[in-house]
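Structural characterization, general
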Amino acid sequence: MPGGFVNGPFSLKKSALLAALGVACLAQGASAGGEQAERVRGYFCDAKADQIAFLNFKARGETEIIAANEVNKGVAKQSCAPYLPVLAIPGKEQTVMKDGLVYKLQSFTFLPEKVERWSGTVLGSLQLTAKDQDI
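Once a new chain begins, its residue numbering starts again from 1 and follows that chain's sequence as written. Only residues with pLDDT of 70 or above have their local features reported here, since the model is predicted, and side-chain atom pairs are shown and tallied only from 80 upward, although totals for entire chains, interfaces and linings are computed over all residues. Water and hydrogen atoms were dropped before computing side-chain values, which therefore reflect all heavy atoms in the structure.

**Some thoughts on the packing of aromatic side chains**
To pair, rings of Phe, Tyr and Trp, with the six-membered ring standing in for Trp, must have centres within 6.5 Å; the planes then decide the type, stacked if under 30 degrees apart, edge-to-face if over 60, and tilted in the middle. Applying the stated rule across the entire model yields five aromatic pairs. Plain terms: the ring middles of Phe 44 and Phe 108 are 5.6 Å apart, the flat faces sit at 90° to each other, and that makes the pair edge-to-face. On the criterion of sequence distance, the pair formed by Phe 44 in strand β1 (residues 38-45) and Phe 108 in strand β3 (residues 101-110) is long-range, its members being 64 residues apart. This pair shows no difference in class: Phe 44 is buried, exactly as Phe 108 is. Where helices and strands are cited, they refer to DSSP runs of H or I of at least four residues and of E of at least two residues respectively, numbered from the N terminus. Exposure is judged per residue with a 1.4 Å probe applied to protein chains only, and the accessible area is read against the type maximum: over 50% gives exposed, under 20% gives buried, and values in between give partly exposed.

Structure (structure tokens):
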């Protein structure tokens, strides 16, 4: 038998398998609802309230590690954690005011698990200081 005939069908099957794997990988990077997945990293929390608590600790001067540990102790589970670069689909953005601080929060749907996590930042404070008040 010629070598091409024996290797021919095998190569065709192998090419089809590689093409199917390539399509599956692209599908994982695609998003639901037409939004593109992007690589994100940093501290994320399972719930919006946990992310606000995390940011509140940071605003008081705590490090990210301490802030995450304090939130996790308070909710008695692993909610806030650092994430290395991972694919996620950006979701809704919200501006929240709580206890005199203004937070900008955003949800992300992490792939391939399709779970929602929250990230955010403190934009500023609405609290008056002694020098801002009329005496």
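**Describing helix α3 (residues 64-75)**
Expected span of a helix: the number of residues minus one, times 1.5 Å. Under the 1.5 Å per step criterion, the end-to-end length of α3 is 17 Å for twelve residues, consistent within 8% with the ideal 16 Å. Within the span of α3, buried status applies to Ala 67, Ala 68, Val 71 and Asn 72. The buried residues of α3 occupy one face: seen down the axis, they fall within an arc of 130°. Facing away from the buried side of α3 by over 90 degrees, the exposed positions are Ile 65, Lys 73 and Gly 74. Each direction from the helix axis to a C-beta atom contributes to the arc, which is the arc of those directions.

**A look at the packing of helix α2 (residues 48-59) against α3**
Two elements in contact, α2 and α3, have axes separated by 9 Å at closest approach and are oriented at 135°. Viewed along their axes, α2 and α3 adopt a mutual orientation that is oblique. Here the hand of the crossing between α2 and α3 comes out right-handed. Taken together, the residues of α3 that come into contact with α2 (itself represented by Asp 50, Ala 53, Phe 54, Phe 57 and Lys 58) are Glu 64, Ala 67, Ala 68, Glu 70, Val 71 and Val 75. As a working rule, the residues Ala, Val, Leu, Ile, Met, Phe, Trp, Tyr, Cys and Pro are called nonpolar, Asp, Glu, Lys and Arg charged, and the rest polar, with Gly in that last group. Of the residues in the contact of α2 with α3, the class split is seven nonpolar, no polar and four charged. Interaxial angle, 0 to 180 degrees, is taken between N-to-C directions of lines fitted to C-alpha atoms, where a helix line uses only the stretch in contact. Any angle between 65 and 115 degrees counts as roughly perpendicular, while under 35 counts as roughly parallel, over 145 as roughly antiparallel, and the rest as oblique. Handedness of a helix crossing follows the sense of rotation of the near helix relative to the far helix, less than a right angle counterclockwise being left-handed and clockwise being right-handed. Working rule for contacts: check all heavy atoms of both residues, and any pair within 4.5 Å makes them a contact.

**Quick look at the nonpolar core**
Throughout this description, the term nonpolar core refers to a set of buried Ala, Val, Leu, Ile, Met, Phe, Trp, Tyr and Cys residues connected via side-chain atoms within 4.5 Å. Ranked by internal contacts, the top residues of the largest apolar core, which has 15 residues, are Phe 54, Cys 80, Tyr 103 and Leu 105. Looking at this core, the elements that each hand over two or more residues are β1, α2, α3, β2 (80-98) and β3. The element best represented in this core is α2, accounting for four residues. If sequence neighbours within four positions are ignored, Leu 105 has contacts with Lys 48, Gln 51, Ile 52, Leu 55, Lys 92, Glu 93, Gln 94, Val 96, Trp 118, Ser 119 and Gly 120. Counting six residues, the second largest nonpolar core, distinct from the first, contains Val 40, Phe 44, Val 86 and Phe 110.

**Remarks on the environment of Glu 62**
Position of Glu 62 relative to the elements: it lies in the loop between α2 and α3. Aside from chain neighbours lying at most four places away, what touches Glu 62 is Phe 57 and Ala 67.

**Looking at the environment of Phe 110**
Position of Phe 110 among the secondary structure elements: in strand β3. A relative accessible area of 3% means that Phe 110 is categorised as buried. Filtering out sequence-adjacent residues up to four positions away, Phe 110 remains in contact with Val 40, Phe 44, Tyr 83, Val 86, Leu 87, Ala 88, Val 115 and Arg 117.

**Details of the pattern of salt bridges**
When a carboxyl oxygen of Asp or Glu is within 4 Å of a side-chain nitrogen of Lys or Arg, the pair counts as a salt bridge. A full pass over the atoms with the stated rule returns four salt bridges. Across the pair Asp 46 and Arg 117 runs a salt bridge whose closest N-O atoms are separated by 3.1 Å. With a gap of 71 residues between them, Asp 46 in the loop between β1 and α2 and Arg 117 in strand β4 (residues 115-125) connect regions that are remote in the sequence. Judged by relative accessible area, which is 25%, Asp 46 ranks as partly exposed. Among the ionic pairs, Glu 70 bridges to Lys 73, the shortest N-O distance being 3.5 Å. Taken as a pair, Glu 70 and Lys 73 lie in helix α3 at a separation of three residues, close to a single helical turn. The class for Glu 70 is partly exposed, based on a relative accessible area of 32%.

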